[in-house]
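So the chains spell out like this:
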Amino acid sequence: MPQDPMDFEWSYWVEWGRERILWLLAGHLLVSQMSRLLVEKYKPWCLMVYGMAACWLLLGIKGFAVILLHAAISFAVAQFQLSLLSWLCSLILLATLRIPAVEETKRRWYDTENEYYLLLFTVSVRCLFCTSFSLEYCWHAPSQKSSHSFPWMLAYVFYYPTFHNGPLVNFDEFSKQMRRQEAFSVKTNLIILIVGIIRIFFWWCLAELMIHLMYIHALYSSALPLESASYWALGGLALAQVLFFYVKYLVLYGVPGLLLQMDGLKPPALPCCVSLMHSFTKMWRSFDVGLHRFLVRYIYVPMGGSQSSLLGTLLSTALTFAFVSYWHGGQSYLWYWGALNWLGVIVEYGTKRILSISVIQDLI
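Because the structure is a prediction, the values reported are computed rather than measured.

## Quick notes on the layout of surface pockets
The probe, sized like a water molecule, is rolled over the atoms to show the empty space still left.
1) Next: Of the pockets and cavities examined, the largest pocket occupies roughly 2,000 Å³.
2) Next: Lining of the largest pocket is provided by 49 residues; of these, E9, F245, Y249, H328 and L334 occupy positions nearest its centre.
3) Next: The set of elements that each furnish at least two residues to the lining of the largest pocket consists of helix 1 (8-38), helix 5 (113-139), helix 9 (216-220), helix 11 (231-262), helix 12 (280-286) and helix 15 (332-355).
4) Next: In terms of residue count, helix 11 provides more of the lining of the largest pocket than any other element does, 9 residues in total.
5) Next: Of the volumes computed, that of the second largest pocket is approximately 740 Å³.
6) Next: Taken together, 27 residues form the lining of the second largest pocket, with L22, L25, I200, V251 and V255 sitting closest to its centre.
7) Next: Looking at the lining of the second largest pocket, the elements with two or more residues in it are helix 1, helix 8 (186-213) and helix 11.
8) Next: No other element matches the 10 residues that helix 1 contributes to the lining of the second largest pocket.
9) Next: Here the residues of the lining of the second largest pocket sort into 22 nonpolar, 4 polar and 1 charged.

## Side note on the packing of aromatic side chains
1) Next: Evaluated as defined, the whole model comprises 36 aromatic pairs.
2) Next: Seen in terms of ring centroids, F133 and F171 are 4.8 Å apart; in terms of plane orientation they differ by 75°. Their pairing is edge-to-face. Highlighted residues: F133 in helix 5 and F171 in helix 7 (residues 171-179), separated in sequence by 38 residues. Pair check on accessibility: F133 and F171 agree, each one buried.

## A short note on the packing of helix 2 (residues 43-78) against helix 3 (residues 83-96)
1) Next: Contact pair helix 2 / helix 3: the axes reach a minimum separation of 9 Å and the direction vectors enclose 160°. Viewed along their axes, helix 2 and helix 3 adopt a mutual orientation that is roughly antiparallel. Regarding helix 2 and helix 3, the two cross each other, and that crossing is right-handed. The residues of helix 3 that touch helix 2, namely those facing H70, I73, S74, V77 and A78, are L85, S86, C89, L93 and T96.

## Details of the UniProt feature "transmembrane region" (unreviewed entry) in the protein
1) Next: As annotated in UniProt, the feature "transmembrane region" (unreviewed entry) corresponds to residues 20-39, 46-69, 75-95, 116-135, 150-169, 190-211, 231-252 and 310-328 in the numbering used here.
2) Next: Structurally, residues 190-211 is divided into 100% helix and 0% strand, and its ends, taken at the C-alpha atoms, are 31 Å apart.
3) Next: Across residues 231-252 one finds 100% helix and 0% strand; the C-alpha atoms that close the span lie 31 Å apart.

## Quick look at the nonpolar core
1) Next: Among the nonpolar cores identified, the biggest contains 94 residues, and F158 and F323 are the most heavily contacted of them.
2) Next: When residues of this core are assigned to domains, at least three fall in each of domain 1 (8-179) and domain 2 (269-363).
3) Next: Excluding residues within four positions of it along the chain, F323 makes contact with W87, L91, L94, L128, F294, L295 and I299.

## A short note on the side chain of E40
1) Next: Here E40 lies in the loop between helix 1 and helix 2.
2) Next: Other than its neighbours up to four places away in sequence, E40 contacts S35, R180, Q181 and E182.

## Structural notes on the domain arrangement of the protein
Interfaces are often sized by the amount of accessible area the parts lose when they come together.
1) Next: One can read the domain layout of the protein as domain 1 (8-179) and domain 2 (269-363).
2) Next: Measuring from the centre of the C-alpha atoms in domain 1 to the corresponding centre in domain 2 gives 27 Å.
3) Next: If you look at the interface, domain 1 gives 18 residues, while domain 2 gives 13 residues.
4) Next: Summed over both sides, the interface between domain 1 and domain 2 buries roughly 1,400 Å², with carbon and sulfur atoms accounting for 63% of that surface.
5) Next: Looking only at domain 1, the three residues that lose the most surface to domain 2 are W87, R98 and L128, adding up to 36% of its buried area.
6) Next: Scanning the region where domain 1 abuts domain 2 turns up 3 salt bridges.
7) Next: With its nearest N and O atoms 3.8 Å apart, the salt bridge here joins R297 to D172.
8) Next: Taken together, the elements giving at least two residues each to the side of domain 1 that touches domain 2 come down to helix 3, helix 5 and helix 7.
9) Next: The element best represented in the side of domain 1 that touches domain 2 is helix 5, accounting for 8 residues.

## Here we look at helix 3
Two residues of an α-helix separated by three or four positions point the same way, owing to the 3.6 residues in each turn.
1) Next: If you check helix 3, its first and last C-alpha atoms are 20 Å apart, about what 14 residues at 1.5 Å a residue would give, namely 20 Å.
2) Next: Every buried residue of helix 3 is accounted for by S86, W87, C89, S90, L93 and L94. The buried residues of helix 3 occupy an angular sector of 160° when the element is viewed end-on, so they sit on one face.
3) Next: Residues of helix 3 that are buried sit in contact with helix 2, helix 5, helix 13 (289-300) and helix 14 (310-327).

## Section: empty space enclosed by the protein
1) Next: One pass over the full model with this rule turns up 2 cavities of 30 Å³ or more.
2) Next: The calculated volume of the largest cavity comes to roughly 60 Å³.
3) Next: Lining the largest cavity are P167, Y253, G257, P267, P268, A269, L270, P271, F287, D288, V289 and G290.
4) Next: Among the elements of the structure, helix 11 and helix 13 are those that each provide at least two residues to the lining of the largest cavity.

Definitions and limits used
Residues numbered from 1 in each chain as written. Predicted model: local features only at pLDDT ≥ 70, side-chain atom pairs only at ≥ 80, totals over all residues. Heavy atoms only, no water. 1 Å grid on protein atoms, 1.4 Å probe; cavity = no way out; pocket = protein on both sides within 12 Å on 5 of 7 lines; lining within 4 Å. Points joined across faces, edges and corners; volume = space filled by probe spheres on them. Helix = DSSP H or I, 4+ residues; strand = E, 2+ residues; numbered from the N terminus. Nonpolar A, V, L, I, M, F, W, Y, C, P; charged D, E, K, R; others polar. Phe/Tyr/Trp six-rings, centres within 6.5 Å; stacked < 30°, edge-to-face > 60°. Buried < 20%, exposed > 50% of the residue type's maximum accessible area, 1.4 Å probe, protein only. Axes fitted to C-alpha atoms, helices over the stretch in contact; angles between N-to-C directions. Parallel < 35°, antiparallel > 145°, perpendicular 65-115°, else oblique. Left-handed = near helix turned anticlockwise from the far one by under 90°. Contact = heavy atoms within 4.5 Å. UniProt positions renumbered as here; feature names shortened; annotations may be inferred. Core = buried A, V, L, I, M, F, W, Y, C linked by side-chain atoms within 4.5 Å. Domains from an automatic or database assignment. Buried area = accessible area lost by both parts, 1.4 Å probe. Salt bridge = Lys/Arg side-chain N within 4 Å of Asp/Glu carboxyl O. Expected span 1.5 Å × (residues − 1). Arc of directions from axis to C-beta.

Rendered as structure tokens:
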């Protein structure tokens, strides 16, 4: 039975996974386990060299040079230790991805559109990693200088399991865990690997069943069946779509998460099932945990967050969602999506504040 071809993201990453990425991830696993077994002290540098080689192999020398250039520029700007300047640098680097002349130049580097999109997705995710390192560099104490060097930035930026699509791991978490040396057990790691592969294979089979049998995205791409459907049917389609999105990211984040575990790191928690969520706030906290930690640490809290005035909270939340919309591409529908999510979070926050008033609690 033919599959629903309208979900670009799933088809794209499954195709790349089968062709090369899974093989490169298997190579990373081999290098990681050998370095943990034989040269634990040099594990970060072994993985850095492997990640750079994998990047060169997959994206070519020009793609590799773009990512290296982004890292070098971010590191150079971070030397001023001004958070605002590092943020400005990150936003400018992101903006260069959407300049038509630059896009056309990069397209000419590759034979297929898929190869160009792989570079685009990879550089977009690397921009977040460069931002995390730059801001941690701005905040670090002089005693932490050795763990905030350019080689450590390269080890972080070229760490292969999270290279193309995440999940996002902040630099402070990555460096602490990567520098920690602990007992290595081949038997324990083998059990973790086997159990992890079984779970991911189950999620992959479930996603493939949904995309071969339900045709959710094909229905959404045509106005006629949507116009004739009842409200109950539309609600069911919406639920089916977000459930597929959830299962899809169990696979897309489950694979790199398993490799993080094998490397002795703690991956961000996998997405929480959308059927268990009843609020915008919980959705943002529990679905993409790595992105949520990034947004809270580098945007929401520095702007004041919930500890500031009502206006400050509104502003810090708005800036957080504005960055999410811009990073995802900045198209008009993404600004609407970000604004609606911001509104949902603000309504929940306001309702919680009202319900915390003692008079209201007494009435309840």
